[in-house]
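Residue-level listing of the chains:
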Amino acid sequence: MTLQQEIVGNAMQMAVVSLQPGQTVYCEAGKFLFKTANVTMETRLSGPSGGGGQPQAGAGGAGGASGAGGGMGGMLRQAMGTAMQVGQRALAGESLAFQYFTSTGGEGTVGFAGVLPGEMRALELDGTRAWFAEKDAFVAAESTVEFGIAFQGGKTGRSGGEGFVLEKFTGRGTVIIAGAGNFIDLNPADFGGRVDVDTGCVVAFEEGIQYGVQRVGGLNRQGVMNAVFGGEGLSLATLEGNGRVILQSLTIESLANALRKAQGGDKQGPTGGLFSTNAG
């Protein structure tokens, strides 16, 4: 069942989702805006693949001791799976719980939004390719879409800023993401196979795109100039391959710097980049 949704608004968009009877959509805690009275809301620690805390059909039926034992084993495995999901999200700094919305007694409506001024995008998964997104990009998805965490290890993870932890979406259905500022869609294959971007500008990309981090210039005069005066720090994100990439025009770091400056707490001065200091 396709998720019927409309993204409305301009500077701060929202997604208005129309649910058919019995259809379920889930969101990260804190992204819900409103719902109609015939839509039920339930908060769970597990994602859709974890069973969501719902009892398994047929558990504890006519099967005597073996049936009960199987039921207890299933419950234990479900509890362990949920604990692993929660632990992984906690390690990644994500919300520990999801909110589930199901329409009962007719068509229902639910509204969701991101947490920063910017755009939203509905991605359609067909089961052949996963999507990866920056931390906190996830807003809501059909219950047929599985939410996971992907860790970028090694050198990339240590130097990649936002790139260390990525959200991963698999399965079939619609997933709604949000970012800051305006979005631009591109394919690295149309630009010689690779694009280099500010690490904070990456919103999402398809499976098959290679994500990495490279140092801005070498340990020479120009490299130092880029890092100190260019405002980009020491690293750039690299995106290589053939697939869809979504970038955002506003980074959280630049927004935070603008707010500090407006409050008189900007200590960045004319150099930016390497010599920036955070107020407080």
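Residues numbered from 1 in each chain as written. Predicted model: local features only at pLDDT ≥ 70, side-chain atom pairs only at ≥ 80, totals over all residues. Heavy atoms only, no water.

S.K.: So what exactly am I meant to see when it comes to the overall build of the protein chain here?
M.R.: The number of helices and strands found in the protein chain is four helices and 18 strands. Across the 280 residues in the protein chain, those meeting the buried criterion constitute 43%. For the protein chain, the share of sequence-separated contacts (at least 6 apart) that also reach a separation of at least 24 residues comes to 80%. When the accessible surface of the protein chain is totalled, it reaches about 14100 Å², and 56% of it is carbon and sulfur. (Helix = DSSP H or I, 4+ residues; strand = E, 2+ residues; numbered from the N terminus. Buried < 20%, exposed > 50% of the residue type's maximum accessible area, 1.4 Å probe, protein only. Contact = heavy atoms within 4.5 Å. Areas by Shrake-Rupley, 256 points an atom, 1.4 Å probe, with all protein chains shown as cover.)

S.K.: Explain the pattern of salt bridges to me, please; I cannot follow it from the model alone.
M.R.: Pairs can form between side chains of opposite charge once their charged atoms are near each other. A complete count under the given rule lists seven salt bridges for this structure. Across the pair arginine 44 and glutamate 42 runs a salt bridge, and its minimum N-O distance is 3.2 Å. Among the residues examined, glutamate 42 registers a relative accessible area of 37% and is labelled partly exposed. Arginine 121 is the partner of glutamate 119 in a salt bridge, and the nearest nitrogen-oxygen pair spans 3.7 Å. What makes glutamate 119 buried here is its relative accessible area of 17%. (Salt bridge = Lys/Arg side-chain N within 4 Å of Asp/Glu carboxyl O.)

S.K.: I keep staring at the sheet that holds strand E2 (residues 14–19) and nothing clicks. Help me out?
M.R.: Pairing between the strands of a sheet comes from backbone hydrogen bonds, and it takes one of two forms, parallel or antiparallel. Ordered in space as E1-E2-E7-E4, the four strands form an open sheet in which the pairing is antiparallel. This sheet does not close on itself; its edge strands, each paired only once, are strand E1 (4–8) and strand E4 (32–35). Each adjacent strand pair in this sheet contributes to an overall mean axis angle of 20 degrees, direction not counted. The sheet contact formed by E4 and strand E7 (residues 108–113) spans three bridges and is antiparallel. Within E7, the position partnered with lysine 35 by the bridge is valine 110. (Pairing = 2+ DSSP bridges. Axes fitted to C-alpha atoms, helices over the stretch in contact; angles between N-to-C directions.)

S.K.: Honestly, the packing of aromatic side chains in this entry has me stumped. Any pointers?
M.R.: Note on aromatic pairs: each is described by the distance of the centres and the angle between the planes. In this structure the tally under the stated criterion is 12 aromatic pairs. When the ring of tyrosine 26 is compared with that of tyrosine 100, the centres are 5.5 Å apart and the planes differ by 20 degrees; the resulting orientation is stacked. A residue pair is termed long-range when its members are at least 10 positions apart, and tyrosine 26 in strand E3 (residues 24–28) and tyrosine 100 in strand E6 (residues 98–103) qualify at 74 residues. Accessibility expressed as a relative area gives 0% for tyrosine 26, which makes it buried. Using a relative accessible area of 2% as the deciding quantity, one classes tyrosine 100 as buried. With 5.8 Å between their ring centres and 5 degrees between their planes, phenylalanine 205 and tyrosine 211 make a pair best called stacked. For the residue pair phenylalanine 205 and tyrosine 211, the accessibility class agrees, reading buried in each case. Among the aromatic residues, those joined into a ring-pair cluster are Tyr26, Phe98, Tyr100, Phe138, Phe147 and Phe169. (Phe/Tyr/Trp six-rings, centres within 6.5 Å; stacked < 30°, edge-to-face > 60°.)

S.K.: Is there a simple way to explain the sheet that holds strand E17 (residues 235–240) in this structure?
M.R.: With antiparallel pairing, the three strands of this open sheet are ordered in space as E14-E17-E16. In this open sheet, the two strands that pair with only one neighbour each are strand E14 (194–197) and strand E16 (210–215). Put simply, the sheet's adjacent strands are angled 30 degrees from each other on average, direction ignored.

S.K.: I'm lost on the nonpolar core in this one. Help?
M.R.: Among soluble globular proteins, nonpolar side chains are generally buried collectively. Core analysis: the largest hydrophobic core is formed by 21 residues, its most contacted members being Tyr26, Phe138, Phe169, Val175 and Ile177. Looking at this core, the elements with two or more residues in it are E6, strand E8 (120–126), strand E9 (131–134), strand E10 (138–142), strand E11 (145–151), strand E12 (165–178) and strand E15 (202–206). Looking at which element gives the most residues to this core, the answer is E12, with four residues. Each residue touching phenylalanine 169, except ones within four places of it in the same chain, is listed here: Leu125, Ala130, Trp131, Ala133, Phe138, Val145, Glu146, Phe147, Val175 and Ile177. (Core = buried A, V, L, I, M, F, W, Y, C linked by side-chain atoms within 4.5 Å.)

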